[in-house]
Amino acid sequence: MSLSAEAPLSGKVAWAAAVGGVTEPRQLSRVEPSPSVLPSRGLAAWTPLPCPGWTQHPGTSTPMAASLRRPSLPACSSSPSDTDDEGVRGTCEDASLCKRFAVSIGYWQDPYIQHLVRLSKERKAPEINRGYFARVHGVSQLLKAFLRKTECNCQILNLGAGMDTTFWRLKDEDLLPSKYFEIDFPMIVTRKLHSIKLKPLLSKPILDLHSEDTLQMDGHMLDSTRYAIIGADLRDIPDLEEKLKKCNMNTQLPTLLIAECVLVYMTPEQSTNLLKWAASSFETAMFINYEQVNMGDRFGQIMIENLRRRQCDLAGVETCKSLESQKERLLSSGWESASAIDMMELYSKLPRAEVSRIESLEFLDEMELLEQLMQHYCLCWATKGGSELGLKEITY
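Read on for a plain summary of the structure.

Remarks on the layout of surface pockets
Next, step 1: Looking at the second largest pocket, its volume works out to about 380 Å³.
Next, step 2: Sorting the residues of the lining of the second largest pocket by element identifies helix H3 (86-104), helix H4 (126-150), helix H5 (166-172) and strand E9 (255-260) as the ones contributing at least two each.
Next, step 3: For the lining of the second largest pocket, the element with the highest residue contribution is H4, accounting for six residues.
Next, step 4: The residue makeup of the lining of the second largest pocket, split by class, is 14 nonpolar, seven polar and eight charged.

Below you can see the structure in the form of structure tokens.
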């Protein structure tokens, strides 16, 4: 069942629309850090940064604890652009807390998220938990299909990665690509680096895979042999490309790009520029996009209004009108094939044993809430090249 634009929303459904509008992550911003070099085996002992205002002296290789200084003006202060993005940046926290809670009650296994995200005291609604399970499962299925097709001789760019733990989970499954990149707001990257420095469970896999004597790192960037995390602005393509190349992005490798609730926070022109760049930069590539859809009805409008009250506009919502509009923007940006599925249909395709397992975790009294929420999110994927690998055959 889907609501028409004129249909009234019940209290519970209106609440679900409101919740659905605040639980998704995004990405964007700019930074010009000065790179430094640290001994690779000293990663676990890096001194935590109490605030981004504490920085390392540029151009040194001295351990951070010996070279901290406080700037005369707090580096935590925001530029007008940063202030404009603050609401968008805050949704990363919402999404991270939702995933952490779902993991804590058994929806899926993730031993790493607890080291990046605190456990919220607030219980999340069953429909939100099931929605996140479908999202994680859906993206993972497409990602692993790409890895199988390329036999892991590829690279992954996770755009707006937030507190995502895919790198560590892929390593556990012996499915790591040649290199895994994460890009997000510099402030979010700083926070994630802080956790990586403090937690051996996060730092050790990076160090174990690193083949050089030194590890490139500063407050907004870490580059190792198999993993890189970069603070960059997806709206500034030249700057983004430059930073990726500094971290040894290889445009000749088959490349998977992932964007989960990222493009919707950019204007259509900005997201189109990003999609065109991705399609033109790699001979063989796949793009996975998870975000809103069917946003023209009343349910969608409530989601938009709720986010707007939090100073977080869905700048790209006009591209989220339908599954067809989602596919069309991929095709018009240079991708050769495009597919899309709403999350309720995806949920219906989940393995029945898994559905029975997660539905036994907690009671959901009205299936309509889940249907309404999941019909307003979709999973889209597009491919370019790779005919010899069978990329076009990847489906859900």
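Considering the nonpolar core
Next, step 1: Grouped together as the largest cluster of nonpolar side chains are 79 residues, with contacts concentrated most on Tyr227, Tyr347 and Leu379.
Next, step 2: Excluding anything up to four places from it in sequence, tyrosine 227 contacts Phe167, Trp168, Lys179, Tyr180, Glu182, Lys192, Ile196, Ile206 and Leu222.
Next, step 3: Counting residues in each nonpolar core, the second largest holds 33 residues, with Met221, Ala228, Leu263 and Leu275 among its members.

Details of helix H6 (residues 186-198)
Next, step 1: Taking 1.5 Å as the rise per residue, H6 with 13 residues should run 18 Å; its terminal C-alpha atoms sit 18 Å apart, in good agreement.
Next, step 2: Listing the buried residues of H6 in full gives Pro186, Ile188, Val189, Thr190, Lys192, Leu193, Ser195, Ile196 and Lys197.

Examining unusual backbone geometry
Outside of glycine, negative phi angles account for most residues, and trans bonds account for most peptide bonds.
Next, step 1: Of note, the phi angle at glutamate 151 is positive, near 55°, even though the residue is not glycine.
Next, step 2: Within the fold, glutamate 151 resides in the loop between H4 and strand E4 (155-159).
Next, step 3: Judged by relative accessible area, which is 68%, glutamate 151 ranks as exposed.
Next, step 4: Of note in the backbone geometry, cysteine 152 takes a positive phi value of approximately 65° without being a glycine.
Next, step 5: Within the element layout of this structure, cysteine 152 appears in the loop between H4 and E4.
Next, step 6: Residue class for cysteine 152 comes out buried when judged on its relative accessible area of 18%.

Looking at the packing of helix H8 (residues 237-246) against helix H9 (residues 268-281)
Next, step 1: Running from amino to carboxyl end, H8 crosses H9 at an angle of 40°, the nearest separation of the two axes being 11 Å. For the element pair H8 / H9, the angle class is oblique. As H8 runs across H9, the sense of the crossing is right-handed. The residues of H9 that touch H8, namely those facing Ile237, Leu240, Glu241 and Leu244, are Asn273, Leu274, Trp277 and Ser281.
Next, step 2: Here the residues of the contact of H8 with H9 sort into five nonpolar, two polar and one charged.

Topic: the packing of H6 against helix H7 (residues 200-209)
Next, step 1: Viewed as axis vectors pointing N to C, H6 and H7 meet at an angle of 90°, and their least axial separation amounts to 5 Å. Classified by the angle their axes make, H6 and H7 are roughly perpendicular. Counting all contacts with H6, which are made through Ser195, Ile196 and Leu198, the residues of H7 involved are Pro200, Leu202, Ser203 and Ile206.
Next, step 2: Considering only residue class, the contact of H6 with H7 consists of five nonpolar, two polar and no charged.

Some points on the side chain of asparagine 289
Next, step 1: As for its placement among the helices and strands, asparagine 289 is situated in strand E10 (residues 285-292).
Next, step 2: Given a relative accessible area of 2%, asparagine 289 falls into the buried group.
Next, step 3: Looking at asparagine 289, its side chain comes within polar contact range of the side chain of glutamate 291, at 3.1 Å.
Next, step 4: Setting aside its immediate chain neighbours within four residues, asparagine 289 contacts Ala259, Leu263, Gln326, Arg329, Cys378, Leu379 and Cys380.

Examining the pattern of salt bridges
Next, step 1: Across all of its chains, the model carries 20 salt bridges by this definition.
Next, step 2: Arginine 169 is the salt-bridge partner of aspartate 110, the closest N and O atoms lying 3.7 Å from each other. Taken as a pair, aspartate 110 in the loop between H3 and H4 and arginine 169 in helix H5 lie far apart in primary sequence, 59 residues in all. An identical accessibility class is assigned to aspartate 110 and arginine 169; each is buried.
Next, step 3: A salt bridge links aspartate 223 to lysine 179, with the nearest nitrogen and oxygen atoms 2.5 Å apart. Placement of aspartate 223 in strand E7 (residues 221-223) and of lysine 179 in strand E5 (residues 179-184) is noted, with a sequence separation of 44 residues between them.
Next, step 4: Classification of lysine 179 as buried rests on a relative accessible area of 7%.

Examining the packing of aromatic side chains
Next, step 1: All chains considered together, the criterion is met by eight aromatic pairs.
Next, step 2: Aromatic pair phenylalanine 167 and tyrosine 227: ring centres 4.6 Å apart, planes at 40°, arrangement tilted. Taken together, the residues span a long stretch of sequence, with phenylalanine 167 in helix H5 and tyrosine 227 in strand E8 (residues 227-231) at a distance of 60 residues. Tyrosine 227 matches phenylalanine 167 in its accessibility class, with the two residues each being buried.

Brief notes about the state of the cysteines
Next, step 1: All chains considered together, the criterion is met by zero disulfides.
Next, step 2: In this structure cysteine 154 is a free cysteine whose sulfur lies 6.0 Å from that of cysteine 152, the closest cysteine sulfur available.
Next, step 3: You can see cysteine 261 has no disulfide; the closest cysteine sulfur is in cysteine 320, sitting 8.8 Å from it.
Next, step 4: Of the residues examined, cysteine 261 reaches a relative accessible area of 0% and is grouped as buried.

Some remarks on the side chain of serine 325
Next, step 1: Among the structural elements, serine 325 can be located in helix H11 (residues 323-332).
Next, step 2: Reaching out from serine 325, the side chain makes a polar contact with the backbone oxygen of serine 322 at a distance of 2.8 Å.
Next, step 3: Apart from the residues within four sequence positions on either side, serine 325 is in contact with Thr319 and Cys320.

What counts, and at which threshold
- Residues numbered from 1 in each chain as written.
- Predicted model: local features only at pLDDT ≥ 70, side-chain atom pairs only at ≥ 80, totals over all residues.
- Heavy atoms only, no water.
- 1 Å grid on protein atoms, 1.4 Å probe; cavity = no way out; pocket = protein on both sides within 12 Å on 5 of 7 lines; lining within 4 Å.
- Points joined across faces, edges and corners; volume = space filled by probe spheres on them.
- Helix = DSSP H or I, 4+ residues; strand = E, 2+ residues; numbered from the N terminus.
- Nonpolar A, V, L, I, M, F, W, Y, C, P; charged D, E, K, R; others polar.
- Core = buried A, V, L, I, M, F, W, Y, C linked by side-chain atoms within 4.5 Å.
- Buried < 20%, exposed > 50% of the residue type's maximum accessible area, 1.4 Å probe, protein only.
- Contact = heavy atoms within 4.5 Å.
- Expected span 1.5 Å × (residues − 1).
- Axes fitted to C-alpha atoms, helices over the stretch in contact; angles between N-to-C directions.
- Parallel < 35°, antiparallel > 145°, perpendicular 65-115°, else oblique.
- Left-handed = near helix turned anticlockwise from the far one by under 90°.
- Polar contact = N/O pair within 3.5 Å; in protein donor to acceptor, adjacent residues only side chain to side chain.
- Salt bridge = Lys/Arg side-chain N within 4 Å of Asp/Glu carboxyl O.
- Phe/Tyr/Trp six-rings, centres within 6.5 Å; stacked < 30°, edge-to-face > 60°.
- Disulfide = S-S within 2.5 Å.

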